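Per-entry structural report
Each chain is listed here by its residues.
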Amino acid sequence: MSVTKVATEQEFTELLKKDGLLVAHFMADWAPQCGQMNDVITELGKQLELKDVRFCIVPAEDLSEVSLKYKIAAVPTFLLLRGGQVVERVEGANAADLTNKVKTQAAKASLVSCTPTASTPEQDLNTRLKKLINSSKCMLFMKGSPDAPRCGFSRTTIELLNKLEADYSSFDILSDEEVRQGLKTYSNWPTYPQLYIDGELVGGLDILREMDASGELSSMLPKKQKLEDRLKMLINKAPLMVFMKGDREAPRCGFSKTMIGILNDTGCM
Ligand SMILES: N[C@@H](CCC(=O)N[C@@H](CS)C(=O)NCC(=O)O)C(=O)O
């Protein structure tokens, strides 16, 4: 299995359109951990040769637009993507975590990509749209992204969902003309934004506004976990929790490294 070196944003977009699981390694030549993690993904590629999984290397600084879009803050970072959507994320040179997540997702990918008969392009598109719609419990098809909406209707929808503290994923239909036109036919809805909950179309902005006014929308939407609850969960994840820069094997700041050293010496870890 080969690992694709991505040179342009266009090349990355093309890889996202393919079926199966895509593992993207956002890296930089100057970071030695990235070189080590390239060996890890080459080995993973060999182990998963028969599965529907592709690997690519993305030079994070050269493809700054892509890095910005996926909020890449440090290298190495790994995104596991299916149907153009991020399904898992691994930050740092954590080979065990990466291997675990890739194998779990690869098992799922091989189940969904199992097509017994040859299919038409229309069937392929419909399968892709269905996967996209179901890639999150609450899925918004919009113009632009929640941080940078590119039309007033989409912006107002984001404001409404944020006001209701909804937990949602989004897809930028301006990034994919096939999805933009295909979804209109698939769902028999001619405009964007389009909001789906549990794979079912709820509607566009006018419908959402009406449902908000009646209070119906809030009760249907999955809600974001409150920061306080999230922090509590993290703090209580293990009897001894260290919040640090980097990980145990590769601390990324001197203070974190020293603390790990002390804990190792005391036999706590
Ligand atoms: N009243 C509509 C407004 C949405 C709308 O008119 N969207 C237009 C302009 S952003 C659209 O998506 N047109 C089709 C396209 O651009 O492909 C709603 O309730 O969502």
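Residues numbered from 1 in each chain as written. Predicted model: local features only at pLDDT ≥ 70, side-chain atom pairs only at ≥ 80, totals over all residues. Heavy atoms only, no water.

As a structural note, the neighbourhood of the ligand is formed by Lys143, Cys151, Phe153, Arg180, Lys184, Pro190, Thr191, Tyr192, Pro193, Gly204, Leu205 and Asp206. At 2.7 Å, a side-chain N or O of Lys184 approaches an oxygen atom of the ligand. At a separation of 2.7 Å, an oxygen atom of the ligand approaches a polar backbone atom of Tyr192. Those elements giving two or more residues to the shell around the ligand turn out to be α7 (177-187) and α8 (205-214). (Near = heavy atom within 4 Å. Polar contact = N/O pair within 3.5 Å; in protein donor to acceptor, adjacent residues only side chain to side chain. Helix = DSSP H or I, 4+ residues; strand = E, 2+ residues; numbered from the N terminus.)

A few words on the sheet that holds strand β8 (residues 194-197). Taken together, four strands build an open sheet; the order of strands is β7-β6-β8-β9 and the sheet is mixed. Each edge of the open sheet carries a strand with a single partner, namely β7 (169-172) and β9 (200-203). Going across the sheet, the axis of each strand differs from the next one's by a mean of 30 degrees, ignoring polarity. Two strands pair when backbone bridges link them, and strand β6 (residues 138-142) and β7 are joined in this way by four bridges, in the parallel orientation. By the bridge assignment, Met142 is partnered in β7 with Asp172. Across the sheet, α7 touches β6, β7, β8 and β9, and the angle it forms with β8 is around 60 degrees. (Pairing = 2+ DSSP bridges. Axes fitted to C-alpha atoms, helices over the stretch in contact; angles between N-to-C directions. Contact = heavy atoms within 4.5 Å.)

Applying the stated criterion to the full structure yields four aromatic pairs. Residues Phe12 and Phe26 carry aromatic rings whose centres are separated by 6.1 Å and whose planes lie at 75 degrees to one another, so their mutual orientation is edge-to-face. Of this pair, Phe12 sits in helix α1 (residues 9-17) while Phe26 is found in strand β2 (residues 21-27), placing the two residues 14 residues apart along the sequence. Relative accessible area serves as the criterion here: at 2%, Phe12 is assigned to the buried category. Relative to Phe171, the ring of Phe141 has its centre 5.8 Å away and its plane inclined at 45 degrees; by these criteria the two rings are tilted. Of the two residues, Phe141 is situated in strand β6 and Phe171 in strand β7; the sequence distance between them amounts to 30 residues. (Phe/Tyr/Trp six-rings, centres within 6.5 Å; stacked < 30°, edge-to-face > 60°. Buried < 20%, exposed > 50% of the residue type's maximum accessible area, 1.4 Å probe, protein only.)

Below, the discussion takes up the packing of helix α5 (residues 121-133) against α7. Two numbers describe how α5 lies on α7: the axes approach to 10 Å, and their chain directions differ by 90 degrees. Accordingly, the angle class assigned to the pair α5 and α7 is roughly perpendicular. Contacts between α5 and α7 involve Leu125, Asn126, Arg128, Leu129, Lys130, Leu132 and Ile133 on the former and, on the latter, Glu178, Val179, Gly182, Leu183 and Tyr186. Here the residues of the contact of α5 with α7 sort into seven nonpolar, two polar and three charged. (Parallel < 35°, antiparallel > 145°, perpendicular 65-115°, else oblique. Nonpolar A, V, L, I, M, F, W, Y, C, P; charged D, E, K, R; others polar.)

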